[in-house]
Amino acid sequence: MLKSIRKNIGKKNSDTLKKIVLCGIVASSMTFYSGVAFAENIVLTDEDINSLTGDNEEYYSGNEIIAGYDALIVNGYRVNRGESVTINGRTYTYDQNLELKYTGSVTGGRATFNEASYNKITISDGEAHIDINDGDFTGTLYQNTFNFNNIILELNISNASDYKLNFDGNTFTINGGKHSNSYVSMPNAISTNNTVNIFGNPDLSGAYIYSNYFGDAGTTSGNTLNIYSSGLTAKNIYGFDNLNFHIPSNTTSRNTILTLTDSSGTNIGNSAITAYVGADSLLKTGDYVNLLSNSNGITGSPSSSNVKFAEGVSLIYDANITNNGNNLVMTLGNAVVNEDSKAAAQSVANANESVSRGTDRIMDWLPLEELEEAATDANADNDDKSAVTGQIAAVINKSFGVFASMDGGRLKTKTGGGSYIKSKPAGIDLGFARAIETQSGNTWVFAPLVDYGKSDFDSYLPNGTHGSGSSKYFAAGLIGRKIQNNGFYYEASFRGGKTTTDCSFISEVLKNYNSPNVIGYNASAPVFAGHLRVGKLMRLNKNNLLHVYGIYAHNHINGITADLTTGERYNFDSVDSGKFRLGYKLTTRVSGLSKIYTGLAYQYEFNGGTSAKYKNYNTAESDVKGSSAMIELGWQMQANKKSAWVVDFNVTGWMGIQQGVTASAKIKKTF
């Protein structure tokens with residue numbers, strides 16, 4: 001029979017077969033997949049498989065499992081895969097669903113291998129009953145991932161004292177199904193840094209839960225058990241330094257998470273304990289939960305008798321864990337808001353700042369300094385240098401103008417308590433204007449417009465929590481301006497639209513609970529914005545014009561309801577952001593076709609932040625409040641003296657609460 005196998009696989013693969021067989025023996029059904037990794041274009045017939053019986057000392061005995069490049073064959077059944085499997089850096093893909101049903105035993109098997117690593121093995125809806133007796137197995141299983149979804153697996157290993165296996169960094173996930181096994185001691189085996197996850201409601205009443213899934217190793221350290229269910233029953237647990245309980249939200253006071261039935265009792269040693277519950281938990285201050293229970297006794301003490309208990313990303317409870325002899329009991333103390341919840345509010349603050357950038361754009365939709373162009377020529381010899389005459393109105397009287405304004409930049413906005421947002425805002429405005437001169441010589445200018453803005457951002461909290469996302473809005477509105485013939489002007493605008501925002505963040509606090517720590521949401525809300533501006537243009541000389549102004553701008557975003565991926569529903573307060581700015585701009589003509597300008601301004605943000613309510617708690621506020629200073633440099637150019645096209649380029653630097661650089665480009669044509 002071996003000659004037949006070697007004939008099919010070739011001489012170069014004879015060592016490979018040992019590895020295939022070993023995986024079938026050592027890891028039972030879960031390694032039916034890992035065998036695929038070590039095979040290259042092996043094709044075996046049913047006749048070959050049926051003859052694989054008896055005691056074959058060099059390879060294995062009584063295990064009718066062979067893996068090939070095209071399929072896995074178990075007792076004559078062809079097993080196809082629907083997923084890609086990467087094993088030791090190589091990927092194999094199978095196109096059909098898994099079909100697995102196996103019953104068998106191995107006696108006296110022996111094999112040696114170096115390492116099986118970085119495999120991802122998933123078995124769903126299968127059934128296997130395997131007995132392994134005696135044998136001599138040596139090798140390392142390193143950084144492999146095994147997923148058992150709704151399978152029935154009965155695995156009994158006996159006489160394993162000679163197993164010299166090293167299980168290091170593997171992850172075993174049980175999701176539903178039924179698992180049973182016998183107690184097995186592997187005194188020469190090593191189990192380090194492995195993780196066992198239990199999801200759903202698997203039947204474990206006939207199972208021992210080992211840190212390496214297969215047996216009680218002689219040396220154990222750094223192993224973790226994560227339980228994501230409640231009301232479970234198992235025989236016992238062995239070899240875990242970390243016990244993490246992810247308690248379902250519907251768990252009530254006095255419930256038991258895991259009941260153990262081993263008559264010898266349970267020893268938890270000096271295990272570290274953490275507990276986590278999903279959103280909208282029914283538990284509250286004063287309630288208690290039995291994390292572990294064994295009527296035959298629980299010995300050992302948690303490494304810390306006082307731990308924290310997290311509810312979603314929102315609340316952190318003080319929790320006391322005690323061992324009363326038969327139960328490991330967690331009692332909830334007072335709750336405080338998790339500081340990482342502020343990261344959710346950072347997205348709303350960024351949405352507000354994006355709308356504010358739109359206000360800056362529309363205020364310069366038709367630069368006042370441009371209107372002064374004809375007045376400068378008409379009054380070159382005018383002794384009154386302090387006024388801009390009614391010639392401004394004549395420039396645009398009874399005319400239409402179309403305009404577009406675009407900007408972008410990189411900004412850093414401080415949001416209180418050492419947190420901040422780094423954003424990349426960008427936007428565009430489109431509109432047209434109509435100017436009308438009154439009998440008193442004043443000019444009214446009106447402009448309907450549409451406004452779009454987007455801002456990608458990263459947010460940071462002092463403890464290292466990092467969020468990212470994007471905010472965008474679309475609005476339409478109207479801007480109006482009254483220009484008096486003495487250079488004074490008054491301006492107002494109003495816009496209405498909708499803003500949407502999405503974000504995700506990694507909670508540094510929840511990392512300590514070995515819990516889901518990537519949180520996200522997306523939401524939308526109506527938005528309204530407007531501004532008032534008062535200013536004066538003053539002629540200093542033929543080529544220099546001074547523009548002083550004061551602005552109050554206001555943004556309103558309706559309250560936002562957002563469902564976090566952790567399950568909490570956040571109700572964000574509405575945002576009412578007010579900004580006051582006082583500044584000046586000096587424009588200098590450098591030729592008949594172009595001008596440059598510089599400007600300085602002081603800005604104060606009254607309140608641009610928000611917080612959310614969860615249950616009866618308010619999350620930490622993203623607080624945008626304080627002073628900033630801006631300096632700008634710009635260039636205006638007309639295509640030629642008879643052209644109605646005007647372009648304007650601007651670069652602005654910010655310091656203070658808001659820091660960074662923005663740049664804009666504006667274009668206008670008068671008809």
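Residues numbered from 1 in each chain as written. Predicted model: local features only at pLDDT ≥ 70, side-chain atom pairs only at ≥ 80, totals over all residues. Heavy atoms only, no water.

Remarks on the overall build of the protein chain
Each helix and strand in the protein chain was counted, giving eight helices and 48 strands. When burial is assessed residue by residue, the protein chain has 53% of its 671 residues classed as buried. Taking the contacts inside the protein chain whose residues are at least 6 apart along the sequence as the reference set, 72% of them involve residues at least 24 apart. (Helix = DSSP H or I, 4+ residues; strand = E, 2+ residues; numbered from the N terminus. Buried < 20%, exposed > 50% of the residue type's maximum accessible area, 1.4 Å probe, protein only. Contact = heavy atoms within 4.5 Å.)

So, the pattern of salt bridges
Under the counting rule described, the total for this entry stands at 15 salt bridges. A salt bridge links R569 to D563; the nearest nitrogen and oxygen atoms lie 2.6 Å apart. Residues joined by salt bridges that share partners form a network here, namely R357, D360, R361, D407, D429, D451, R495 and R581. (Salt bridge = Lys/Arg side-chain N within 4 Å of Asp/Glu carboxyl O.)

A few points about the sheet that holds strand 41 (residues 569–572)
In any sheet, the strands associate via hydrogen bonds between backbone groups, in a parallel or an antiparallel arrangement. With antiparallel pairing, the four strands of this open sheet are ordered in space as 40-41-44-45. The sheet is open, and its two borders are formed by strand 40 (560–563) and strand 45 (617–618), each paired with just one other strand. Summarising the sheet, strand 44 (residues 612–614) and strand 45 pair through two bridges and their orientation is antiparallel. Bridged to K613 within strand 45 is N618. (Pairing = 2+ DSSP bridges.)

Side note on helix 5 (residues 342–363)
Between the first and last C-alpha of helix 5 there are 32 Å, a value that for 22 residues agrees with the 32 Å anticipated at 1.5 Å per step. Helix 5 sits mainly inside the fold: 22 of its 22 residues count as buried. (Expected span 1.5 Å × (residues − 1).)

Notes on the environment of P448
Its location among the elements puts P448 in strand 35 (residues 443–460). A sequence separation of 16 residues divides P448 from F432, and the C-alpha atoms of the two residues are 6.3 Å apart. Apart from the residues within four sequence positions on either side, P448 is in contact with L430, G431, F432, G477 and L478.

Considering the nonpolar core
The biggest cluster of nonpolar side chains holds 101 residues, and the ones touching the most others in it are L291, L292, F309, M330 and F572. Here the element with the most residues in this core is helix 5; it accounts for seven residues. F403, A433, A447 and W654 belong to the second largest nonpolar core, which has 17 residues in total. (Core = buried A, V, L, I, M, F, W, Y, C linked by side-chain atoms within 4.5 Å.)

Concerning the pairing of strand 31 (residues 315–323)
Two strands pair when backbone bridges link them, and strand 31 and strand 32 (residues 327–337) are joined in this way by eight bridges, in the antiparallel orientation. Residue I321 lies in a different strand from strand 32, and its bridge partner there is M330. A loop of three residues connects strand 31 with strand 32, the two strands running antiparallel in sequence, and G325 in this loop sits at a positive phi of about 105°.

Digging into the side chain of R533
Its location among the elements puts R533 in strand 38 (residues 518–541). Here the side chain of R533 touches M363 through a polar contact of 2.9 Å, landing on its backbone oxygen. (Polar contact = N/O pair within 3.5 Å; in protein donor to acceptor, adjacent residues only side chain to side chain.)

Observations regarding the packing of aromatic side chains
One pair of aromatic rings is described through two measures. These are the centre distance and the angle between the planes. The final tally for this structure, using the stated rule, is 23 aromatic pairs. Residues W444 and F446 carry aromatic rings whose centres are separated by 6.0 Å and whose planes lie at 5° to one another, so their mutual orientation is stacked. Assessed through its relative accessible area of 35%, W444 is described here as partly exposed. You can call F446 partly exposed: its relative accessible area is 36%. Feature note: the residues F146, F148, F167, F172, Y213 and F214 constitute an aromatic cluster, connected by ring pairs. Stacked on the ring of Y420, the Lys or Arg K412 has its end atom at 4.3 Å from the ring centre. In this structure, K585 packs its charged tip against the face of Y597, placed 4.7 Å from the ring centre. (Phe/Tyr/Trp six-rings, centres within 6.5 Å; stacked < 30°, edge-to-face > 60°. Lys NZ or Arg CZ within 6 Å of the ring centre and 35° of its normal.)

Here's the deal with the environment of S295
Along the chain, S295 turns up in the loop between strand 28 (288–293) and strand 29 (298–299). The spacing of S295 and G265 is 30 residues in sequence and 7.7 Å in space, taken between C-alpha atoms. Beyond its immediate stretch of four places on either side in the chain, S295 contacts L260 and N326.

Here we look at unusual backbone geometry
Phi angles above zero are rare outside glycine, and N150 is one such case at about 55°. Among the structural elements, N150 can be located in the loop between strand 13 (145–149) and strand 14 (152–158). Despite not being glycine, K615 shows a phi value in the positive range, around 55°. Tracing the chain through its elements places K615 in the loop between strand 44 and strand 45.

Quick notes on the environment of L282
Here L282 is to be found in the loop between strand 27 (272–277) and strand 28. In this view, L282 contacts S249, N250, T251, T252 and D287; residues no more than four positions away in its chain are not counted.

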